[in-house]
Amino acid sequence: MENYLPRGVIVPPAPEKNFMGTAKVRFGSNNQSQEDQSQFIKRRKAALERYLNRLMGHHLISKDETLKRFLKEENAPRPNPNASGIKGFMKNMESMVSKVTAKINEVDEWYEDKQQHILELEETLKEVACGSG
């Protein structure tokens with residue numbers, strides 16, 4: 001979604017993560033009942049669905065190929081039972097994200113031109129400083 005911000009497109013914010021709630025559900029908590037965990041998951045799911053609906057309701061973002069690939073992906077990231085805790089889950093997420101995202105070598109011509117101009121100005125300044133000393 002970051003590629004829309006420089007063009008002035010207002011991107012709806014993603015729902016905030018509740019790390020404590022996620023950790024309690026993920027790793028189990030003695031203080032939290034099954035009902036509490038179920039309610040947390042339902043609320044999080046509803047928030048994510050609202051977010052995706054807002055994205056798909058946007059006239060530009062809904063046409064984004066990366067978003068379309070993500071939504072069509074059938075192999076959603078799942079924790080690997082052989083992996084240890086959050087580290088294994090993060091590796092699975094990284095693998096999933098790398099599958100659905102294209103590697104783009106983006107070049108910002110305006111930035112490159114300005115950077116080159118600054119380098120030339122610095123070189124001229126050095127020459128002037130050496131010549132006047």
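Analysis parameters
Residues numbered from 1 in each chain as written. Predicted model: local features only at pLDDT ≥ 70, side-chain atom pairs only at ≥ 80, totals over all residues. Heavy atoms only, no water. Helix = DSSP H or I, 4+ residues; strand = E, 2+ residues; numbered from the N terminus. Buried < 20%, exposed > 50% of the residue type's maximum accessible area, 1.4 Å probe, protein only. Contact = heavy atoms within 4.5 Å. Areas by Shrake-Rupley, 256 points an atom, 1.4 Å probe, with all protein chains shown as cover. pLDDT = per-residue confidence, 0-100. Patch = residues over 30% accessible without salt bridge, like charges linked within 9 Å, V, L, I, M, F, W, Y side chains within 5 Å. Salt bridge = Lys/Arg side-chain N within 4 Å of Asp/Glu carboxyl O. Lys, Arg positive; Asp, Glu negative; His and termini not counted. Charge placed at Lys NZ, Arg CZ, Asp CG, Glu CD. Expected span 1.5 Å × (residues − 1).

Q: Before we move on, could you go through the overall build of the chain and cite the residues and values that matter?
A: A tally of regular secondary structure across the chain gives five helices and zero strands. Secondary structure elements in the chain, listed N-terminal to C-terminal, are α-α-α-α-α. Counting the 133 residues in the chain, one finds 15% classified as buried. For the chain, contacts bridging at least 24 residues in sequence account for 55% of all contacts bridging at least 6. Carbon and sulfur atoms make up 55% of the accessible area of the chain, which totals about 11300 Å².

Q: Tell me about the confidence of the model for the chain, and name the residues and values.
A: Model confidence for the chain is summarised by a mean pLDDT of 75, while 62% of its residues fall at 70 or above. By mean pLDDT, the top-scoring element of the chain is helix α5 (residues 109-132) (88), and the lowest-scoring one is helix α1 (residues 19-27) (62).

Q: Lay out the side chain of His-58 with the relevant residues and their values.
A: Positionally, His-58 belongs in the loop between α2 (34-56) and α3 (65-72). When neighbours within four sequence positions are excluded, His-58 is seen to be in contact with Val-9 and Ile-10.

Q: Account for a negative patch on the surface, naming residues and giving values.
A: On the surface, Asp-108, Glu-109, Glu-112 and Asp-113 cluster together into a negatively charged patch. Along the chain, Asp-108 falls in the loop between α4 (85-100) and α5. On the basis of relative accessible area, Asp-108 is assigned to the partly exposed category, the value being 42%.

Q: Residues and numbers for the pattern of salt bridges, please.
A: Once their charged atoms are close, side chains differing in charge can pair, the charge on each being opposite to the other. Scanning the entire structure with this criterion turns up one salt bridge. Glu-65 is the partner of Lys-68 in a salt bridge, and the nearest nitrogen-oxygen pair spans 3.7 Å. One end of the pair is Lys-68 and the other is Glu-65, both in helix α3 and three residues apart, which spans about a single turn. We classify Lys-68 as partly exposed; its relative accessible area is 29%. Classification of Glu-65 as partly exposed rests on a relative accessible area of 48%.

Q: Talk me through α2; I want residue IDs and the actual numbers.
A: With 23 residues, α2 extends 33 Å between its outermost C-alpha atoms, agreeing within 8% with the 33 Å of an ideal straight helix rising 1.5 Å per residue. If you check which residues of α2 are buried, you get Gln-37, Phe-40, Ala-47, Tyr-51 and Leu-55.

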